[in-house]
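The residues making up each chain are set out below.
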Amino acid sequence: MSEINTVVDAHLVVDAYLAVWNRTDATSRREMVEDLWAEDGGYTDPLVTATGWEKIDQVIAHAQAQFTGMRFVRGAVFDAHHNIARFTWELVPTAGAEPLVVGFDVVALNADGRIQSVFGFLDKVPA
């Protein structure tokens, strides 16, 4: 990937990031993780911390198993500068439906334009 230095590029990375969370085929999901994240990249939210492609892929697979049939979509908030983007996302059962989970993530990219770190926050979770 080329160096990320514009908001347009950050939008593309965030869209690809959400696509990984929606990819249910294990082989293609793992390929997407390797394309998008730095090999030593990390993911941290209130429930888990994962470093490296294998662990990140496992976290995503676990979320998919827990929320079968649901999709991650970008929320209304998006902002980016330098190598950092922040955005909201929603986990929805169908397009246009009330989200089951709402979150806010911050993504930091390395010089190659790959995700180095993701810091996630959960704003709405099921009771």
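Just above, that's the structure.
Residues numbered from 1 in each chain as written. Predicted model: local features only at pLDDT ≥ 70, side-chain atom pairs only at ≥ 80, totals over all residues. Heavy atoms only, no water.

A. Quick look at the pairing of strand β5 (residues 101-109). Counting buried positions along β5 yields seven of nine residues, so the element is predominantly enclosed. Bridge analysis of β5 against strand β6 (residues 115-124) gives eight bridges, and the strand direction is antiparallel. Directly across from glycine 103, in β6, lies its bridge partner leucine 122. Here β5 hands over to β6 after five residues, with glycine 113 in that stretch at a positive phi of 85 degrees. (Buried < 20%, exposed > 50% of the residue type's maximum accessible area, 1.4 Å probe, protein only. Helix = DSSP H or I, 4+ residues; strand = E, 2+ residues; numbered from the N terminus. Pairing = 2+ DSSP bridges.)

B. Here's a closer look at the layout of surface pockets. Reported here for the largest pocket is a volume of approximately 360 Å³. Lining the largest pocket are 19 residues, and of these Asp45, Leu47, Ala63, Gln66 and Phe67 sit closest to its centre. Counting residues per element, the lining of the largest pocket draws most heavily on helix α3 (residues 53-66), at four residues. Looking at the lining of the largest pocket, its residues break down into 15 nonpolar, two polar and two charged. (1 Å grid on protein atoms, 1.4 Å probe; cavity = no way out; pocket = protein on both sides within 12 Å on 5 of 7 lines; lining within 4 Å. Points joined across faces, edges and corners; volume = space filled by probe spheres on them. Nonpolar A, V, L, I, M, F, W, Y, C, P; charged D, E, K, R; others polar.)

C. Region of interest: the pairing of strand β1 (residues 37-45). Examined bridge by bridge, β1 and β6 share four bridges and lie parallel to one another. Its bridge partner lying in β6, tryptophan 37 is registered against isoleucine 115. Inspection of the sheet shows β1 paired to strand β2 (residues 48-51) by four bridges, in the antiparallel sense. Across the sheet, the residue bridging to glycine 42 is threonine 51, located in β2.

D. Broad picture of the sheet that holds β1. If you walk across this open sheet you meet the six strands as β2-β1-β6-β5-β4-β3, and the pairing is mixed. In the strand order of this sheet, the two ends are held by β2 and β3 (71-81), each with one partner. Taken over all neighbouring pairs, the strand axes of this sheet differ in orientation by 20 degrees on average, direction set aside. Alignment of strand β4 (residues 84-92) against β5, held across eight bridges, turns out to be antiparallel. Counted as the bridge partner of glutamate 90 is valine 102 from β5. Against the sheet, helix α2 (residues 26-36) makes contact with β1 and β6, and its axis sits at roughly 100 degrees relative to β1, the strand it touches most. Sheet strands touched by α3: β1 and β2. Its angle to β1, the strand with the most contacts, is close to 40 degrees. (Axes fitted to C-alpha atoms, helices over the stretch in contact; angles between N-to-C directions. Contact = heavy atoms within 4.5 Å.)

E. Fine view of empty space enclosed by the protein. Counted according to the given criterion, the structure contains one cavity of 30 Å³ or more. If you trace the largest cavity, you find ten residues lining it, with Ala10, Asn83, Ile84, Ala85 and Leu109 closest to the centre. Counting residues per element, the ones that place at least two in the lining of the largest cavity are α1 (7-22), β4 and β5. Here the lining of the largest cavity is composed, by residue class, of eight nonpolar, two polar and no charged.

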